[in-house]
Amino acid sequence: MKLTARGRYSIKAMLDLALQRGLGPCPVRAIAQRQNIPMPYLEKLLIELRRAGLVESLRGTRGGYQLARDPKEIFLGEILRAVGESFTAALGQEMGADLAEDWVMRSLWKRLAQKIGDALDRISLEDLYFDARSWQAAKGQDNNFII
């Protein structure tokens, strides 16, 4: 199973907004520059995240995006679903239905995808944020991090 760029960029953007929490709305350009995400692509992802109720947008000269809820109330599974990320295994999809072992492997991949989805629904943005901060501290890096 592989997370697409769409999923990675969405998580990176959400983690960036978690870092900026309490500082007011963050311009798309600033997120794009910090996280090395193409700005037009990021804008589309943020619109999808806003529609899902995960971020809020504010217009105007001091406008931008901010988290709609506390990071401990936002889970990775909902972030990924908001941008259409799927956890179906390519291997499971490519197998034919003729052989019993293909059916068994497809069933296995389906179960694994469900377990991964369940786990992602229990990992909060706050959990991931603190994991990233811990890793960064262990490497001796400063507070401004790129995810």
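Residues numbered from 1 in each chain as written. Predicted model: local features only at pLDDT ≥ 70, side-chain atom pairs only at ≥ 80, totals over all residues. Heavy atoms only, no water.

Which residues make up the overall build of the chain, and what values go with them?
Each helix and strand in the chain was counted, giving seven helices and two strands. Secondary structure elements of the chain, listed N to C terminal, follow the sequence α-α-α-β-β-α-α-α-α. Across the 147 residues in the chain, those meeting the buried criterion constitute 35%. Looking at the chain alone, contacts between residues at least 24 apart form 64% of all its contacts between residues at least 6 apart. Of the roughly 9,100 Å² of accessible surface on the chain, 53% is carried by carbon and sulfur atoms. (Helix = DSSP H or I, 4+ residues; strand = E, 2+ residues; numbered from the N terminus. Buried < 20%, exposed > 50% of the residue type's maximum accessible area, 1.4 Å probe, protein only. Contact = heavy atoms within 4.5 Å. Areas by Shrake-Rupley, 256 points an atom, 1.4 Å probe, with all protein chains shown as cover.)

Hey, could you go over the pattern of salt bridges for me, with residue numbers and the actual values?
Throughout the structure, instances matching the rule amount to five salt bridges. Across the salt bridge formed by glutamate 78 and arginine 69, the nearest N and O atoms sit 2.7 Å from each other. Judged by its relative accessible area of 26%, arginine 69 is partly exposed. One salt bridge connects aspartate 121 with arginine 81, and the closest N-O pair in it is separated by 2.9 Å. Of the two residues, aspartate 121 sits in the loop between helix H6 (100–120) and helix H7 (125–138) while arginine 81 sits in helix H4 (residues 76–82), which places them 40 residues apart along the sequence. The class for aspartate 121 is partly exposed, based on a relative accessible area of 31%. (Salt bridge = Lys/Arg side-chain N within 4 Å of Asp/Glu carboxyl O.)

Pulling in residues and values, what's your account of helix H2 (residues 28–35)?
In an α-helix, one turn spans 3.6 residues; hence positions three or four apart end up facing the same way. Taken residue by residue, H2 has Val28, Ile31, Ala32 and Gln35 as its buried positions. Seen along its axis, H2 keeps its buried residues to an arc of 100°; they face one direction. Those residues of H2 that are exposed and aimed more than 90 degrees away from the buried face are Arg29 and Gln33. Where H2 is buried, its residues contact helix H1 (5–19), helix H3 (39–51) and strand E2 (64–67). Positive phi shows up at asparagine 36, right after H2, with a value of about 55°. (Arc of directions from axis to C-beta.)

I'd like a rundown of the nonpolar core, residues and numbers included.
Formed by 29 residues in total, the largest nonpolar core has its most connected members in Met14, Leu49 and Ile79. Within the residue set of this core, elements represented by two or more residues are H1, H2, H3, E2, H4 and H7. The biggest single contributor to this core is H1, with seven residues. Not counting residues up to four positions away in its chain, the partners in contact with leucine 49 are Ser10, Met14, Leu54, Val55, Ile79, Ala82 and Val83. (Core = buried A, V, L, I, M, F, W, Y, C linked by side-chain atoms within 4.5 Å.)

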